[in-house]
Amino acid sequence: MDTLLIHILNSLLYAAVLFLIAGGLSLIYGVMHIVNLAHGNLYAFGAFVAAWTVGLLVGGGTPTPVLYLVLLAGPVVAAALGAVLEPTLLRPLYQRPEEYQLLITFGLLLILEDLIRLIWGPYPLSVSSLFEGMGSLNIGESIYPTYNLAVIVVGGLAAVGLWAFIYRTQFGVVLRATSQNMRMAQAMGVNVNRVYVQAFTLGCFMAGLGGAIVVPQQGAVLGMGVDALILAFVVVVIGGLGSLEGALVGALMVGVVRELGINLFPEVELAVLYLMAAVVLLIRPAGQFGRA
Amino acid sequence: MEEDARAVSLLKTTQLTKYFGETHAVDHVDFTVTEGEVLALIGSNGAGKTTLINLISGLIPVDSGAIVFQGADITRDSIHEKIARGIARSFQLVNLFDQLTTLDNLALAIFSRDGKTRKLFTLSDADRAVRDEAVAVLQQFGLANKAGMVAGGLSQGERKLLDVAVAYALKPKLLFLDEPTSGVSTREKAPIMDIITSVVRAGKITAVIVEHDMDVVFKYCPRIVAMHQGTILADGTPEEIRNNAQVTANLLGAQAQS
Amino acid sequence: MSPVSGPNRRVLVAAGPIVVVLLILPWVVEPYQTVLLSYGLVFAIAALGFNLLLGYTGLLSFGHSAYFGVGAYAVAFTVKYLKVGSMELLLLAGILASALVAAVFGLVCVRYTRIFFGILTLALSQVLWSLAFKFFWVTGGTDGLRVPTPTLLGVSIDAGQDKMAFLAHRYYYYVLVLFVAATAVMWVIVHSPFGKALQAIRDNETRAEFVGVQVWHYRWVAFLISGVFTGLAGALWVPLNGLTTPDILVWNFSGEIVFFTVLGGFKTFAGPIVGAVVFNYLKTFAVGYTVYWQMFLGVVLVTLVLALPTGIMGMVARLSQKWSQKWKRTPAP
Ligand SMILES: Nc1ncnc2c1ncn2[C@@H]1O[C@H](COP(=O)(O)OP(=O)(O)OP(=O)(O)O)[C@@H](O)[C@H]1O
Ligand SMILES: [Mg+2]
């Protein structure tokens, strides 16, 4: 029973982080119809910035609760990066075929990947003190890190917050209108350029947040971005590109399958995930929740 | 339909139906085409003409009803099977291979018709027979001097003609032409229709032409079928259609205003 | 009338001198340069295959590393488990294996287009990569599989001959012949009625269906041919590299294949070839020059997309057009 609970918590933990990454990817696609291959790097950026900022302050007398807040530097920087990248690199390409949009984000992926190495060097950064600082809980016979629960809560809050943001605010209305029919929205006086940059920034913020919250637990390592991107693809493929609900369900499914995979067939855990994405695409091209 | 009983029915739909949600685009339509005729399909915007063609040609699946072609039930046939049986169509919004030349647009249709597109290891330009035939068709449609131009670079009138020519080059038994003159100036309409009807008649092809311009319809088509809100309102000679009260009320009136 | 008509003959005339230069090259340049060029030619074969999908069928695959990798691993496995040393048999193994994988993956992928096709090809290639990575007792994991120099047409490397000399001469010619053959075959394919059907599908899928082209079937055949070309390249790559690692299965390598092709220009037949050779030099230079070579390549790619979307061949075409116009305007003396 306890082990079952732990498995469920692990699944949720993984799903929470994946939702943040994949949700951002999906949001950007939903609004702008661009698949940002560099999205994983923004997640990695969030992780590195968070780790580095906390690393500067840790041991310097900053109270620990503040350090948890300082993690937010990650998403903020990722968002700022997004706000710069969209107008400069992506905007010139909206009229061009999809291939070019993919290619430019691939170029961006290569650049950002090395930029991280250039800034922070080839070695992992870690702030495990924040992870350990929260201690652990007893669940029956076993103990479970409190920090992991915090991550699950943050993921859940992010999902709820995003939902409220998109379905309950003026900005959300504009966002959805633009996503459904860009020309129509434009005709109705929506400043599409502004919506695009806002959506992109928001998507990057989510990715950065995902990076920041995994840092205390896993550290920040080179290559984490690309790994995350591929998994985020699996999530959005399962849930449907452009759908936030889909990203949530996809993240949960991937979380569960991965937890099962790690425990039952560790060799092919990743292969199973990719196959799952392929199978979902086969059965439902637009994903579970896609607007086919 | 009584008068058609003697002639050979080429195509027959029975109770053909397609709804898009609340829209009854095609609603229990019985539609017959007789071998050898050139028929006009008329109706105001949204009457269901294009949807009817889409159903018969296989672009969209039918909700219910049946389509019989030369005595065979083709309701669930794939597009490919329908083409193979000899049903071809053109498109209301021009559908061409824009990066291929005008000649290649036609050559492809001919290659495909002759089952030659399965050939991987011969050069297409080396096939003189296909090339000559493509050139001949282009000449019939007055496009011979555009043979080397990419289809994307043609004028709207030329594109409409090429769209018809590509369908014609398949040598179909039954040809649907969905508004072959839409989007071209009134002045260009008559020459285009002249070309199309003469080519179709010379090729002894049965054709169904969707057209909004009543003068054109009355001039070129001995039989007219009028649709309205997904159903067939009237079916007869130009004279009968002109004098049909329902058609005048629903269609010709609107025509006069527009 | 000769079967090779006007423009086609011009192509042969243009290709002739290039082949001659390629033939004499090993006698005039350093072995290292020849080996580098061999890599370029191998990648060119892969890019030709890739571009049958992108340039001619309108499908952007982000998973072509799968076929390259399968070709390469098929060679490594055949050497390791069947103790085969003949390059011809190894190529056969590479071609068969990549054909098999492309046939199966293709069945799935050709039902989709655009980004879905891209993601699907990516996901499937990642399946292979993760398997190669995890089943290390079969594949050698990240250490890869070492492959000894094979025999070419039954002749093995001379006792005591330097591997570099072998690669720079005998193997270079081997690659060159296959490169020329692959290019010729691909050229015929894209100019065949089948090739026209693919281009028709690229331009307008619906209309292609309505002239009787069964879109999925044709896409599947194109996918298969594309996979086989890329698999052949993978097999040829193995003796050059001497080692097969999961790096060539991972999706970054798929990205590089896309990169070459766009660099050269995917709207022309020769673009992918030029792109692959140039990219290979560019990458080799960047890797030798800085640890941040990825960033360098990224900047090149971004610049390319923003400023030079038609690639090198597109630029060449534009320039030559400009010059010929200038030429015409200057009256003859
Ligand atoms: N794919 C579709 N989805 C939803 N509704 C459709 C679709 N295609 C057609 N309709 C609707 O079905 C009705 C019939 O449309 P159709 O295109 O057949 O008309 P039409 O007679 O060809 O008109 P027009 O003269 O404007 O071409 C219209 O109300 C149209 O809006
Ligand atoms: Mg219509």
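What comes next is a walk through the structure. (Residues numbered from 1 in each chain as written. Chains lettered and ligands numbered in written order. Predicted model: local features only at pLDDT ≥ 70, side-chain atom pairs only at ≥ 80, totals over all residues. Heavy atoms only, no water.)

## Let's talk about the sheet that holds strand S4 (residues 64-69) of chain B
Residues and elements named next belong to chain B.
- Spatially, 4 strands are ordered S2-S1-S4-S5 in an open sheet, and the strand pairing comes out antiparallel. Two strands close off the open sheet at either side, each with one partner strand: strand S2 (23-34) and strand S5 (72-73).
- Direction of pairing for strand S1 (residues 9-20) relative to S2: antiparallel, over a ladder of 8 bridges. The partner of lysine 18 across the bridge, within S2, is valine 26. (Pairing = 2+ DSSP bridges. Helix = DSSP H or I, 4+ residues; strand = E, 2+ residues; numbered from the N terminus.)

## Some thoughts on the coordination of the magnesium ion (ligand 2)
Residues and elements named next belong to chain B.
- In this structure, Thr50 (OG1) and Gln92 (OE1) serve as the protein donors to the magnesium ion (ligand 2), at separations of 1.8 to 2.1 Å. Separated by 42 residues along the polypeptide, threonine 50 in helix H1 (residues 49-57) and glutamine 92 in the loop between strand S6 (87-89) and helix H3 (102-113) bring together distant segments of the chain.
- Looking at threonine 50, the relative accessible area reads 23%, which means it is partly exposed. (Donors = N, O, S within 2.8 Å, 3.2 Å for Na, K, Ca; no water. Buried < 20%, exposed > 50% of the residue type's maximum accessible area, 1.4 Å probe, protein only.)

## Re the site of ligand 1
Residue and element names in this part refer to chain B.
- The environment of ligand 1 is made up of 14 residues, and the closest members are Asn45, Lys49, Thr50, Thr51 and Gln92.
- At 2.6 Å, a side-chain N or O of threonine 50 approaches an oxygen atom of ligand 1.
- Between ligand 1 and glutamate 179, the relevant distance is 3.3 Å, taken from an oxygen atom to a side-chain nitrogen or oxygen of the residue.
- In isolation ligand 1 exposes 630 Å². Once the protein is present, 61% of that is buried. (Near = heavy atom within 4 Å. Polar contact = N/O pair within 3.5 Å; in protein donor to acceptor, adjacent residues only side chain to side chain. Areas by Shrake-Rupley, 256 points an atom, 1.4 Å probe, with all protein chains shown as cover.)

## Regarding the packing of helix H12 (residues 271-289) of chain C against helix H13 (residues 293-307) of chain C
Residue and element names in this part refer to chain C.
- Interaxial distance between H12 and H13 falls to 8 Å at its minimum, and their mutual angle equals 140 degrees. Classified by the angle between their axes, H12 and H13 sit oblique to one another. For the element pair H12 and H13, the recorded crossing hand is right-handed. Packed against H12, whose contacting residues are Phe279, Leu282, Lys283, Phe285, Ala286 and Val287, the element H13 presents Trp293, Phe296, Leu297 and Val300 at the interface.
- Classifying every residue of the contact of H12 with H13 by side-chain character gives 9 nonpolar, no polar and 1 charged. (Axes fitted to C-alpha atoms, helices over the stretch in contact; angles between N-to-C directions. Parallel < 35°, antiparallel > 145°, perpendicular 65-115°, else oblique. Left-handed = near helix turned anticlockwise from the far one by under 90°. Contact = heavy atoms within 4.5 Å. Nonpolar A, V, L, I, M, F, W, Y, C, P; charged D, E, K, R; others polar.)

## A few points about the packing of aromatic side chains
All names here are of chain C.
- This structure, assessed with the given rule, holds 29 aromatic pairs over all chains.
- Here tyrosine 67 and phenylalanine 105 contribute two aromatic rings whose centre-to-centre distance is 6.3 Å and whose plane-to-plane angle is 70 degrees, an arrangement assigned as edge-to-face. You can see tyrosine 67 sitting in helix H3 (residues 65-82) and its partner phenylalanine 105 sitting in helix H4 (residues 87-109), a full 38 residues away along the chain.
- On the basis of relative accessibility, which here comes to 12%, the residue phenylalanine 105 falls in the buried class.
- Their ring planes at 50 degrees and their centres at 6.0 Å tell us that phenylalanine 77 and tyrosine 81 sit as a pair that is tilted. (Phe/Tyr/Trp six-rings, centres within 6.5 Å; stacked < 30°, edge-to-face > 60°.)

## Looking at the interface of chain A and chain C
- Between chain A and chain C, the residue contacts involve 43 residues of the former and 43 residues of the latter.
- Between chain A and chain C lies a buried interface of about 4000 Å² when both sides are counted; carbon and sulfur atoms form 78% of it.
- There are 1 salt bridge connecting chain A and chain C.
- Remark: the boundary between chain A and chain C carries 4 residue pairs in polar contact (both at pLDDT 80 or more).
- Among the elements of the structure, helix H5 (98-120), helix H11 (224-239) and helix H13 (269-283) of chain A are those that each provide at least two residues to the side of chain A that touches chain C.
- At 17 residues, H5(A) tops the list of elements feeding residues into the side of chain A that touches chain C.
- By residue class, the composition of the side of chain A that touches chain C is 34 nonpolar, 1 polar and 8 charged. (Buried area = accessible area lost by both parts, 1.4 Å probe. Salt bridge = Lys/Arg side-chain N within 4 Å of Asp/Glu carboxyl O.)

## A word on the interface of chain B and chain C
- Taken residue by residue, the interface counts 34 residues in chain B and 30 residues in chain C.
- Here chain B packs against chain C, burying approximately 2900 Å² in sum over the two surfaces, 64% of which is carbon and sulfur.
- Looking only at chain B, the three residues that lose the most surface to chain C are B:Phe97, B:Leu120 and B:Leu123, adding up to 21% of its buried area.
- At the junction of chain B and chain C, the tally comes to 2 salt bridges.
- Among the salt bridges present, the one from C:Lys196 reaches B:Asp104, with a minimum N-O distance of 3.1 Å.
- Along the contact surface separating chain B from chain C lie 16 residue pairs in polar contact (both at pLDDT 80 or more).
- Residue assignment for the side of chain B that touches chain C shows that the elements contributing at least two residues are helix H2 (79-85), H3 and helix H5 (156-168) of chain B.
- It is H3(B) that provides the largest number of residues to the side of chain B that touches chain C, a total of 5 residues.
- Residue classes in the side of chain B that touches chain C are distributed as 17 nonpolar, 9 polar and 8 charged.

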